[in-house]
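# Breakdown of the fold
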Amino acid sequence: APDCFTVADEGGSEDQLVGIDRATGASSVIGSGTGGQDLEGIAMQPGGMLYAADGDRLGVIDRTTGTFVLVNPGAPTFGSGDGAAGTVTFDEVDGLAFDPFTGRLLGVHRRDGAQEDLLVEIDPATGKVVADAFGAGTDYVAVGTRSASPRRNDIDDLAVSPLDGRIFGVANGGGADRLVEIDPATGAVTD
């Protein structure tokens, strides 16, 4: 049985869950499609569910059938939040990761152009961004890629170290990637 998962983003058509056996590297397609068309980030909850961000919605992917189901069909979007950049509607979450120490589900909201992406916390039960997750009146922090050189504004994915809780992101722009550590208090990045 696969113990690692990825989603093949099919570029406008239905995305596909793929299972990977870490010991052998063997991969297998699971099911006939997720039902989602913009799955950009997935994260396995320690000991539990496989969550996925489909643009502006949070859902769970069944690891047996590969089917994506919204966690909160009645209020399907991540919502909006406040912080240094004003009120922002979270409509494109590209990376997800669970913090194994706190259980928090973190995500990155992609912003266009030269704007910095935003680190958010998402409630897995409601699919909504958590209010005041980074302090009173601060629902997100800007990831400080704008001041980095060379500038790579897009954080495509996240990971939280199971050893010490440090948050890492893949920053890219112009076709080049770099690994950065993200300070969750300030959003500052370090190569």
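Structural data are supplied above this passage.
What comes next is a walk through the structure.

Basis of the calculations
- Residues numbered from 1 in each chain as written.
- Predicted model: local features only at pLDDT ≥ 70, side-chain atom pairs only at ≥ 80, totals over all residues.
- Heavy atoms only, no water.
- Helix = DSSP H or I, 4+ residues; strand = E, 2+ residues; numbered from the N terminus.
- Polar contact = N/O pair within 3.5 Å; in protein donor to acceptor, adjacent residues only side chain to side chain.
- Contact = heavy atoms within 4.5 Å.
- Salt bridge = Lys/Arg side-chain N within 4 Å of Asp/Glu carboxyl O.
- Buried < 20%, exposed > 50% of the residue type's maximum accessible area, 1.4 Å probe, protein only.
- Pairing = 2+ DSSP bridges.
- Axes fitted to C-alpha atoms, helices over the stretch in contact; angles between N-to-C directions.

### Quick notes on unusual backbone geometry
- Positive phi values are uncommon outside glycine, yet D132 reaches one of about 60°.
- Position of D132 relative to the elements: it lies in the loop between β12 (118-122) and β13 (140-142).

### A look at the side chain of S161
- Structurally, S161 is set in the loop between β14 (154-160) and β15 (167-173).
- In this structure the side chain of S161 is engaged in a polar contact, spanning 3.1 Å, whose partner is the backbone nitrogen of L163.
- Of the polar contacts made by the side chain of S161, one reaches the side chain of D164; its length is 3.2 Å.

### Details of the environment of L118
- By the element assignment, L118 lies in strand β12.
- The sequence separation of L118 and D154 amounts to 36 residues, and the corresponding C-alpha distance is 9.7 Å.
- Non-local contacts of L118, meaning those with residues more than four positions away in its chain, are made with V88, F90, G107, V108, H109, R111, Y140, V141, A142 and V143.

### A closer look at the pattern of salt bridges
- What the rule picks out here adds up to 10 salt bridges.
- Linking R110 and D117 is a salt bridge whose minimum nitrogen-to-oxygen distance equals 3.4 Å.
- On the basis of relative accessibility, which here comes to 0%, the residue D117 falls in the buried class.
- Counted as one network, the salt bridges with shared partners bring together D94, R110, D117, D154 and D156.

### Observations regarding the sheet that holds strand β1 (residues 4-8)
- Across the sheet, which stays open at both edges, the three strands sit in the order β1-β2-β3 with antiparallel pairing between neighbours. One side of each edge strand has no neighbouring strand; the edge strands of this open sheet are β1 and β3 (27-30). In this sheet, neighbouring strand axes are inclined to one another by 30° on average, regardless of whether the strands run parallel or antiparallel.
- Note: strand β2 (residues 16-20) against β3, four bridges, orientation antiparallel. Bridged to I20 within β3 is S27.

### Structural notes on the pairing of β12
- Across the five residues that make up β12, a large majority, five, are buried.
- With burial as the criterion, each face of β12 is covered, one bearing L118, V120 and I122 and the other bearing L119 and E121.
- Pairing of strand β11 (residues 105-109) with β12 involves five bridges; the strand directions are antiparallel. In the strand pairing of β12, G107 is matched with V120.
- Looking at chain direction, β12 and β13 are connected through three bridges and run antiparallel. When the sheet's bridge partners are listed, V120 is paired in β13 with Y140.

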